[in-house]
Amino acid sequence: MELAAKACPFLRNSSPSALRSLSQRPAKTAMAPNGLVHMAQQCPVMGKAMTIQARSAMMAGSCPASAGARHFSSSAANANPVKSQVLEFASAVSSNDIKASVQHELHKANPAPGAACPFKPAVPTSFVAPTATKTFDYEAVYESELQKKHQDKSYRFFNNINRLAQRFPRAHTAKIDDEVTVWCSNDYLGMSKNPVVVETMKATLSKYGAGAGGTRNIAGNGALHLELEEELASLHHKPAALVFSSCYVANDATLSTLAQKLPNCVILSDAMNHASMIQGIKHSGVKKMIFRHNDTAHLEELLQTLDPSIPKIIAFETVYSMSGTIGKVHAVGMYGPHGSGVAEHLDFTANLNRPQGSPMQTALDQVDIISGTLGKAFGVVGGYIAGSAALVDMIRSYAPGFIFTTSLPPAIVAGATASIRYLRNSPHERIGQQTNTRTLKAQLASLDIPVVPNPSHIVPVLVGDAEVCKAASDELLRSHGIYVQSINYPTVPRGEERLRITPTPGHTEEMMGHLVRSLESVWQRNGLKRASEWKATGGRAGVVEGAVDPAPIWTDAQLSLSAEAIGTGKAIPAHTLLGAQARATSVAQL
C-alpha cells in the first residue's frame, strides 16, 4: 500500500476527504463500481496493474475480471487510515503480486515524478487553490454588475413614499409637507388603515408585545397563529392551512419541498409565473415543463406526453400582477363573494351562501393547493398555503423556509385574522375597487391611452421603453403629485415597460379626474405612443389591432348581488361592523 501511495502522484497528492468523496460517487461506466475505481482504470500505470491482477485471478479461478475493482472499492470504504482505503484493489492476488505488477508498469513507463499521472490531484470541492498573490477585488464586481443595470435602464430607484393611515391613498414624500396621491399600491382595498384591523393590532401589541419570540417550533407558536390558520382554511374550504413569513417564502418552500417528496415528479409551469414560483421550481431540482401563458390547450399537449402514473404539479396564478391577466396572490380578498379568490368567483352564486363543510363541488374544490398573501388585499404581511391536512403537515415538517424562520409577530397575525373576517362579510371594498377600475379604464380608452387588456383590477398603461417609462413616472410625481411606479425588466419583458395603476375604493372622483388629466398631459408633452399607434405598428403586450377587451371578472350581475346583500343587511351595515369589531377584540385578548 505504501508502494502504491509512493508510485501514484494522484493518490499521494489528493486529500483523504476528496478520495472518500470519489469512492462514493457513481462511475460513468458499468465496468467500475464508483468514480475512484473508474479513474484508476484510466491510469496508464494503475489501470494496467489492475488488469494484470484481474487476469491472474481469473486464471486462478477465484473471481471475474471485475474482482480487483470490487475489492478496490470495498477497501476504499473500510480500510484505515483513509489513505490506505484506496490502495488495496486485488482480493485474490497476493501483495507481492501487486507490488511486482506496479513496479513492472512503473519500470516500463519510466516516468519523471508525477509525469505518468494524467489526473490533477483531487481536492475537496470547497477548496480553491490561490492563483495569484493579488487579492480579489470584490467591489469591482459589484460596480460592474450595477453598471450593467444602469446601461440597460433596468436599475431600480426606490421613491421615498410614506402612506398616511388616516388619509390613504394620500402620502408624503421625504418632505412631510410634500403630499402626493398613491396610484400603485398593492394595498388594494385599503385594509391597512381599516379601523377593525388597526385597533385589533394595537390591542394585541399591548398584550403580547412586538415580536413572536422564535420559530414556530421554539416559542413562536401561539393561539393567534393557529386561529389565523383556521380562518384561512375556512376561507378556502380546505381542511388545513399554514402561515409563512411571506408569500414568496410560501411558494418557494412549498413547491420545492412538495416536488422533492413526490417520486419522479414533473412540474408544469405557466410561462408568466411569479419569481417566487420559478425559484421554488428551481430549488426542487425536478423536471419542469413550461406551457404558454394561460394556454390550456398547450398544457394538455404537454400532459399527453407524460406517463399518467407519475406525479405532476401544475403551477399557475389566478391574477398576474403586472398584466392583470387571469391564470394566486393578487386575487385573494378581491374576488369571490367572500374574498376567497378567482376559484371561488367562478361559481359565484353557488358560493354566495355555501355553508362550511358543504359537500358541494365547485371550482374551488378542484384546486388542490392554494397559496395566497396577507400583504395585499388583506393589508398586513405574510403568506400562506391551504390544502389537505396531510399535505400541510408534511410541508410544516419538512420545508426549511417554514422551519428555520422566526414566525410572524402576534399583532400581525391578529390583524390578518381581523381583516379576513371583515372582508368575508363586507363586499363594500370589492364593489368600490371594481367600480373605480371600470371607470378608469373607460376614461383612458376614450383618450387613446394604451392599456394592456385584462379582466382584473390592474390597469397597466403601456409605455414600451424603460428610460421613457421611468421619466414619465418621475414627471407624474414631480409635476402632478401622483405616484405611479414604472415597471421595467425583469419584472416585464423588455419593450413592454409600463405604468402599473391600481385603483382602490379610497380613490375619489376628483383624484381620478386629476390622474387622467395628468396622464394625458404627460402623453402629449412627451409624444408617447397612443393605443392606435401601437396597433398600427403591429402592436405590443396585447395592445394589437382587432384585440377585444376581455369582460371583467366581476360581472354586472355579481356586483348587483353584492350590492343587494349590502342593502338587505347581509354584509356590513352598522350592526355587522360592530360584530366584527367585537370578534377582533376577542382575538386580541387571547
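What counts, and at which threshold
Residues numbered from 1 in each chain as written. Predicted model: local features only at pLDDT ≥ 70, side-chain atom pairs only at ≥ 80, totals over all residues. Heavy atoms only, no water. Pairing = 2+ DSSP bridges. Helix = DSSP H or I, 4+ residues; strand = E, 2+ residues; numbered from the N terminus. Core = buried A, V, L, I, M, F, W, Y, C linked by side-chain atoms within 4.5 Å. Buried < 20%, exposed > 50% of the residue type's maximum accessible area, 1.4 Å probe, protein only. Contact = heavy atoms within 4.5 Å. Axes fitted to C-alpha atoms, helices over the stretch in contact; angles between N-to-C directions. Phe/Tyr/Trp six-rings, centres within 6.5 Å; stacked < 30°, edge-to-face > 60°. Lys NZ or Arg CZ within 6 Å of the ring centre and 35° of its normal. Salt bridge = Lys/Arg side-chain N within 4 Å of Asp/Glu carboxyl O.

(A) Geometry of the sheet that holds strand β1 (residues 162–163). A sheet is described by the order of its strands in space; here four strands give the open sequence β1-β2-β3-β11, paired in mixed fashion. Of all strands in the sheet, those bounded by a partner on one side alone are β1 and β11 (482–483). Where β1 and strand β2 (residues 170–172) come together, two bridges link them in antiparallel fashion. Bridge pairing in β2 links R163 to A171.

(B) The arrangement of the nonpolar core in detail. If you look at the biggest cluster of nonpolar residues, it comprises 38 residues, and the most contacted ones within it are L228, L232, L374 and F378. Counting only elements with at least two residues in this core, the list comes to α10 (195–208), α11 (223–235), β4 (240–244), β9 (383–387) and α20 (410–425). Counting residues per element, this core draws most heavily on α20, which supplies eight residues. Contacts of L232, omitting those with residues within four sequence positions, involve A241, V243, L374, Y384 and I420. I449, L476, M511 and W523 belong to the second-largest nonpolar core, a separate cluster that totals 23 residues.

(C) Looking closely at the sheet that holds strand β7 (residues 312–315). In spatial order, the strands read β6-β5-β7; together these three strands make up an open sheet with parallel pairing. This sheet does not close on itself; its edge strands, each paired only once, are β6 (287–291) and β7. Within this sheet the neighbouring strands show an average axis-to-axis angle of 20°, counted without direction. The pairing of strand β5 (residues 266–270) with β6 spans five bridges and is classified as parallel. Within the sheet, the bridge partner assigned to S269 lies in β6 and is I290. Contacting β5, β6 and β7, helix α14 (residues 296–304) runs over the sheet at an angle of about 150° to β6.

(D) The arrangement of the packing of aromatic side chains in detail. For the structure on display, the rule yields four aromatic pairs. Directly above the aromatic system of F157 lies the positively charged group of K470, at a separation of 4.7 Å from the ring centroid. Between the NZ or CZ atom of R494 and the centre of the ring of Y489, over which it lies, the distance is 3.7 Å.

(E) Broad picture of the pattern of salt bridges. Applying the stated rule across the entire model yields 19 salt bridges. Measuring nitrogen to oxygen at the nearest pair gives 2.7 Å for the salt bridge that ties K470 to D474. Of this pair, K470 and D474 both sit in helix α22 (residues 466–480), four residues apart, roughly one helical turn. Overall, the relative accessible area of 22% leaves K470 in the partly exposed class. We classify D474 as partly exposed; its relative accessible area is 24%. E496 is paired through a salt bridge with R498; the nearest N and O atoms lie 3.3 Å apart. Taking the relative accessible area as the measure of exposure, E496 reaches 22% and is therefore partly exposed. Via salt bridges that share partners, E227, E231, R421 and R424 belong to a single interconnected network.

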